[in-house]
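An overview of the molecular structure
Residues per chain are reported as follows:
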Amino acid sequence: MALLGLIALAGMIMRNAVILVDQIETDVAHGLTRKEAIVEATVRRARPVVLTALAAILAMIPLSRSAFWGPMAITIMGGLFVATFLTLLYLPGLYALWFRNSLEESSRSEQIDLAPQHQGESQPAFPLAAAAE
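Treat the numbers as computed from the prediction; the structure is a model and nothing was measured.

Broken down by element type, the chain carries five helices and zero strands. Beginning at the N terminus, the succession of helices and strands in the chain can be written as α-α-α-α-α. Buried positions account for 29% of the 133 residues belonging to the chain. For the chain, the accessible surface area stands at approximately 9,000 Å², while carbon and sulfur atoms represent 68% of it.

Quick look at the structure:
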């Protein structure tokens, strides 16, 4: 039963890690420094990661009172909690450590604003929507 908990832990870490690293790389491609991208992507992904884990943990509570399924449910709940902790705290730190030499460098000399502000009609809020019309 502990094996199932480890599988759930590994699956959740891998899925969330891939999403978080992809978000960081997307932010870097849009002109943020790696340091800014790590912080922004982690903050932006924190709510979905926590809510997904919390929903799964809360769903295991009724099973945890069962004599047969209880130990497995408790193991999975613990694994999901640890996976959430590792995804939100350990993974960004490990990523920053890996790219420590390029944390302050910009990926491009041209900075692209991720959330453009309305300043007259000079810059559309959604350039792809304007191009489709």
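The next thing to look at is the side chain of Asn16. For Asn16, the position within the fold is in helix α1 (residues 2–29). Judged by relative accessible area, Asn16 falls into the buried class, the value being 4%. Not counting the four nearest positions on each side in its chain, Asn16 is found in contact with Val49 and Thr87.

Below, the discussion takes up the pattern of salt bridges. Here the idea is simple: oppositely charged side chains can pair when their charged atoms come close. Counted under the stated rule, the structure contains two salt bridges. A salt bridge links Glu25 to Arg34; its shortest N-O distance comes to 3.2 Å. Close ionic contact of Arg44 with Asp27 constitutes a salt bridge, the shortest N to O distance being 3.3 Å. Taken together, the positions of Arg44 in helix α2 (residues 34–59) and Asp27 in helix α1 put the pair 17 residues apart, joining distant regions of the chain. Owing to a relative accessible area of 37%, Arg44 belongs among the partly exposed residues under this scheme. Of the residues examined, Asp27 reaches a relative accessible area of 2% and is grouped as buried.

For the coordinates displayed, the defined rule picks out two aromatic pairs. Judged by centre distance (4.9 Å) and plane angle (85°), the ring pair of Phe68 and Trp69 falls under edge-to-face. Here Trp69 falls in the partly exposed class, since its relative accessible area comes to 41%. Consider the rings of Tyr95 and Phe99, whose centres lie 4.7 Å apart with planes at 45°: the pair is tilted. A residue is classified by how much of its surface remains accessible, and Tyr95, at 8% relative accessible area, is buried. For the cation-ring pair, Arg34 lies above Phe99, with the distance from its terminal atom to the ring centre recorded as 4.2 Å.

Moving on, we come to α2. Between the first and last C-alpha of α2 there are 36 Å, a value that for 26 residues agrees with the 38 Å anticipated at 1.5 Å per step. The axis of α2 is deflected most strongly, by about 40°, at Ala46, and proline Pro48 appears within four residues downstream. Three or more residues of α2 are buried, namely Arg34, Ala37, Ile38, Ala41, Thr42, Val49, Ala53 and Ile57.

Definitions and cut-offs
- In this numbering scheme, every chain counts its residues from 1 along its sequence in written order.
- Per-residue local features of the predicted model are confined to residues with pLDDT of at least 70, and side-chain atom pairs are confined, for both listing and counting, to 80 or more; whole-chain, interface and lining totals are unaffected and use all residues.
- Where side-chain values are given, they derive from all heavy atoms of the structure, hydrogens and water being excluded.
- Starting at the N terminus, helices and strands are each numbered in turn, a helix being any DSSP run of H or I of at least four residues and a strand any DSSP run of E of at least two.
- Working definition: with a 1.4 Å probe on protein chains only, accessible area under 20% of the residue-type maximum means buried, over 50% means exposed, and in between means partly exposed.
- Here the Shrake-Rupley method, with its probe set to 1.4 Å, supplies the accessible areas, and only the displayed protein chains count as covering residues.
- Whether two residues touch is decided by their heavy atoms; if any such pair falls within 4.5 Å, the residues are in contact.
- A pairing counts as a salt bridge when a side-chain nitrogen of Lys or Arg comes within 4 Å of a carboxyl oxygen of Asp or Glu.
- Between 30 and 60 degrees the pair is tilted, below 30 it is stacked and above 60 it is edge-to-face, where a pair is any two Phe, Tyr or Trp rings, Trp via its six-membered ring, whose centres lie within 6.5 Å.
- Counting as a charge over the ring demands two things of the Lys NZ or Arg CZ atom: a distance within 6 Å of the ring centre and an angle within 35 degrees of the ring normal.
- To estimate the expected span of a helix, subtract one from its residue number and multiply by 1.5 Å.
- Here the bend at a residue is taken as the angle between two axes, fitted respectively to the seven residues that end there and the seven that start there.

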